There are 2 protein chains.
Amino acid sequence: MIIEEMTPAECFELLQQTGFGRLGCARSGQPYVVPIYFAADKDHIYGFSTLGKKIEWMRANPLVCVEVDEIISHAQWRSVVAVGRYQELPDELQGASVRNHAHSLLQKRANWWEPGYVLSTHRGKPHSAEPIFYRIRIDEITGHRAQPDKHELATMSRPLESHRPESWLARWIHRATP
Amino acid sequence: MIIEEMTPAECFELLQQTGFGRLGCARSGQPYVVPIYFAADKDHIYGFSTLGKKIEWMRANPLVCVEVDEIISHAQWRSVVAVGRYQELPDELQGASVRNHAHSLLQKRANWWEPGYVLSTHRGKPHSAEPIFYRIRIDEITGHRAQPDKHELATMSRPLESHRPESWLARWIHRATP
């Protein structure tokens, strides 16, 4: 497998293509990870949710991480990690322009609003909470792309015995065995 | 959409079925999320990796979170979140039994070892690091399952205008507009 770093432009392209990833937040040293749908531009990730654990945690600690990946096979994948800062988009924030921009990005996704909006609808009870719009200001973005190398391509059709790290695995298991 | 809580048994079933998820760790309040392959039993998640950012962070703060999901559609999905504590499995820990158990779980997955093992192989350079085996002691596991409700099933073939929360979305966008 050949793993290469992705450029920031390639990272943003994957964010925008997928619009789905995992959001990590943390409180008192305990991380918490949930799936989210979002829209993104070059500087921000936009999403929304009803009030719940992740919003409460991000209000308490705005440092967050969004991970997005595309896994085609074990040897062919892309993974992007963006770290940044949670910002709520209340009505008064920066006037209409931020809201209009967020809306124009978010509405491009069919049903983009649905998972975040109905997540508080349990067992058919209607939700009552007002949705909370937020954005994540991206402070750093990194990504990696994996592709099979020539050796792997050549050996993909036969058993992978030669690849298996069984010598060290066996050593690890049996070392220190009484 | 009807969202129901999953039982702990159903959560473990999804963990074991998928063997793939996202690991969240945190340092100084900053969360970090990466994809991982793993094996699981009722009490632990087992994985391995070469030395890198996630191992360094988990050594510094063993509080972690593993999220696993299965997304069939916006209205049909399962998501499980396990929180727990990182433990390295060095040669001397608890003798051979833990290692044998980890190995028997891990080797059931074809190529289970590959992504963690070669992740340090960049641009074709061979890795030199010894693999680090770890487990995560699961302290709490929760999960949710979503299914379309009757109304959604009935309206799935026609435009979702009646579902769209456009009234509040429009209000949110235009409220406070000068």
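Parameters and conventions
- Residues numbered from 1 in each chain as written.
- Chains lettered and ligands numbered in written order.
- Predicted model: local features only at pLDDT ≥ 70, side-chain atom pairs only at ≥ 80, totals over all residues.
- Heavy atoms only, no water.
- Salt bridge = Lys/Arg side-chain N within 4 Å of Asp/Glu carboxyl O.
- Buried < 20%, exposed > 50% of the residue type's maximum accessible area, 1.4 Å probe, protein only.
- Core = buried A, V, L, I, M, F, W, Y, C linked by side-chain atoms within 4.5 Å.
- Contact = heavy atoms within 4.5 Å.
- Phe/Tyr/Trp six-rings, centres within 6.5 Å; stacked < 30°, edge-to-face > 60°.
- Helix = DSSP H or I, 4+ residues; strand = E, 2+ residues; numbered from the N terminus.

J.: Is there a simple way to think about the pattern of salt bridges in this case?
T.: It is possible for side chains bearing opposite charge to pair when their charged atoms get close. Residue and element names in this part refer to chain A. Scanning the entire structure with this criterion turns up 16 salt bridges over all chains. A salt bridge links Asp139 to Arg137; its shortest N-O distance comes to 2.9 Å. Since its relative accessible area comes to 47%, Asp139 is described here as partly exposed.

J.: Sorry if this is basic, but what is going on with the nonpolar core here?
T.: By size, the foremost hydrophobic cluster in this structure holds 62 residues, and its most contacted members are Leu15(A), Ile45(A), Leu15(B) and Ile45(B). Excluding anything up to four places from it in sequence, Leu15(A) contacts Phe38(A), Ala40(A), Ile45(A), Val68(A), Val80(A), Ile138(A) and Ile141(A).

J.: Please clarify how the packing of aromatic side chains should be interpreted in this entry.
T.: The way to describe two aromatic rings as a pair is by their centre distance and the angle between their planes. Enumeration over the complete set of coordinates arrives at 8 aromatic pairs over all chains. Their ring planes at 45° and their centres at 4.8 Å tell us that Phe20(A) and Tyr37(A) sit as a pair that is tilted. Of the two residues, Phe20(A) sits in strand 2 (residues 20-27) while Tyr37(A) sits in strand 3 (residues 30-37), which places them 17 residues apart along the sequence. Residue classification places Phe20(A) among the buried positions, given a relative accessible area of 16%. Here Tyr37(A) falls in the partly exposed class, since its relative accessible area comes to 22%. Residues Phe48(B) and Phe133(B) carry aromatic rings whose centres are separated by 5.0 Å and whose planes lie at 15° to one another, so their mutual orientation is stacked. Residue Phe48(B) is located in strand 5 (residues 44-49), and its partner Phe133(B) is located in strand 8 (residues 132-147); the two are separated by 85 residues in the primary sequence.

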